[in-house]
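# Commentary on secondary and tertiary structure
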Amino acid sequence: MPTPTTLLQFAVASFLLAVTPGPSVVLLLAIATDRGRRAGIAAAVGLAAGTFAWALVTAAGLGALLAARPGLLSVITALGGAYLLWLGVQRLRAPAPAPTAPPDHPLGSPLRDGLVVNLLNPSITIFLASVTPPFLDLAQGPVWQQVLALGTVLVLVSTAVNAGWAVVGSVVGRRARRWVGSRATAVAVGCAYCALAAIAFAAAALR
């Protein structure tokens with residue numbers, strides 16, 4: 001197992017990654033803006049589960065195998081883009097909710113959405129495979145155990161930060177519905193999903 005110092009250093013690196021705005025942050029803000037704080041936190045848990053699944057893949061040594069197959073990575077990433085596009089289209093087509101309340105809406109589970117989006121984001125295993133080596137020490141035990149421990153730290157830290165992003169998104173959603181109306185807020189959320197889908201498709205095409 002990594003030493004406490006190594007775990008702390010990796011936790012700091014994970015925190016810096018988590019607070020940096022990226023696709024996952026945009027997804028969380030969109031869900032929390034649209035559905036409220038609880039939905040945003042549920043999405044954060046789903047994202048965490050997806051990240052942990054990729055940590056298991058990396059610990060098993062499969063991350064390097066995936067990285068050597070850009071075609072497979074492109075397919076997985078494109079599927080993630082298709083799921084985000086589906087979310088965006090569904091949101092744009094959904095009926096407008098009540099004027100100031102987050103929708104009680106039928107677009108599915110935010111936990112599921114977070115999980116599926118991260119399961120279809122193979123860049124997580126590439127990230128882990130690239131950043132964990134400096135934190136590994138063969139004297140501290142099997143490499144797979146160390147990678148799994150570091151992946152767990154990433155999950156815990158990112159989940160805590162993502163819960164904070166969910167709170168921010170819920171506040172933004174309340175104010176947006178009050179200032180510009182529920183329909184405009186829903187359209188903005190749908191467009192955010194579609195923008196994330198476009199980014200995923202571009203990443204798939206460039207692999």
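The text that follows walks through the structure, step by step, so that each part is easy to find. Chains are numbered independently. Their residues run from 1 in the order of the written sequence. Local features in a predicted model are, by the rule used here, given only for residues with pLDDT of at least 70; side-chain atom pairs are given and counted only at 80 or more, and totals for whole chains, interfaces and linings are based on all residues. Water and hydrogen atoms play no part in the side-chain values, which are based on all heavy atoms of the structure.

### Some thoughts on the pattern of salt bridges
Just to be clear on terms, a salt bridge is a Lys or Arg side-chain nitrogen sitting within 4 Å of an Asp or Glu carboxyl oxygen. Taken as a whole, this structure holds 3 salt bridges when the rule is applied. Between Arg-112 and Asp-113 there is a salt bridge, with the nearest N and O atoms lying 3.1 Å from each other. A single network of salt bridges, built from pairs that share partners, joins Arg-35, Arg-112 and Asp-113.

### Considering the packing of helix H3 (residues 37–59) against helix H8 (residues 143–179)
Note on geometry: axes are C-alpha line fits, over the in-contact stretch for helices, and angles between N-to-C directions span 0 to 180 degrees. Secondary structure is summarised from DSSP: a helix means a run of H or I of at least four residues, a strand means a run of E of at least two, and numbering begins at the N terminus for each. Close contact between H3 and H8 brings their axes to 8 Å; oriented N to C, the two are set at 165°. Between H3 and H8, the angle falls in the class roughly antiparallel. The handedness of the crossing between H3 and H8 is right-handed. Here the angle decides the label: under 35 degrees means roughly parallel, over 145 means roughly antiparallel, 65 to 115 means roughly perpendicular, and every other value means oblique. Left-handed describes a crossing in which the near helix is turned anticlockwise from the far one by less than a right angle; the clockwise case is right-handed.

### Topic: the environment of Val-131
Here Val-131 is to be found in helix H7 (residues 123–131). Only protein chains enter the area calculation, which uses a 1.4 Å probe; residues under 20% of their type maximum are buried, those over 50% are exposed, and those in between are partly exposed. The exposure class assigned to Val-131 is partly exposed, which follows from its relative accessible area of 23%. Note: C-alpha distance between Val-131 and Phe-10 (121 residues apart in sequence) is 9.3 Å.

### Notes on a nonpolar patch on the surface
Like charges within 9 Å and nonpolar side chains (Val, Leu, Ile, Met, Phe, Trp, Tyr) within 5 Å are joined into patches, using only residues over 30% in relative accessible area that form no salt bridge. Each accessible area is a Shrake-Rupley estimate made with a 1.4 Å probe; only the visible protein chains count as cover when residues are assessed. A cluster of nonpolar residues, Leu-8, Val-12, Phe-15, Leu-16 and Val-19, forms a patch on the protein surface that exposes about 450 Å² of accessible area. Its location among the elements puts Phe-15 in helix H1 (residues 4–19).

### Considerations on a positive patch on the surface
Charge assignment in this entry is limited to Lys and Arg as positive and Asp and Glu as negative, and neither His nor the chain termini are counted. Where a charge lies is defined by one atom per residue type, namely NZ (Lys), CZ (Arg), CG (Asp) and CD (Glu). Residues Arg-37, Arg-38, Arg-174, Arg-175 and Arg-178 make up a contiguous surface patch of positive charge. Going through the elements one at a time, H3 and H8 are the ones with two or more residues in the positive patch. Ranked by residue count, the leading element in the positive patch is H8, at 3 residues. You can see Arg-178 is positioned in helix H8.

### Concerning the side chain of Ser-14
Inspection of the secondary structure puts Ser-14 in helix H1. When checking whether two residues touch, look at their non-hydrogen atoms; a contact exists if any pair is within 4.5 Å. The residues touching Ser-14, leaving out its near neighbours within four places in the chain, are Val-153, Leu-154 and Val-157.

This is a description of form; function is not addressed.
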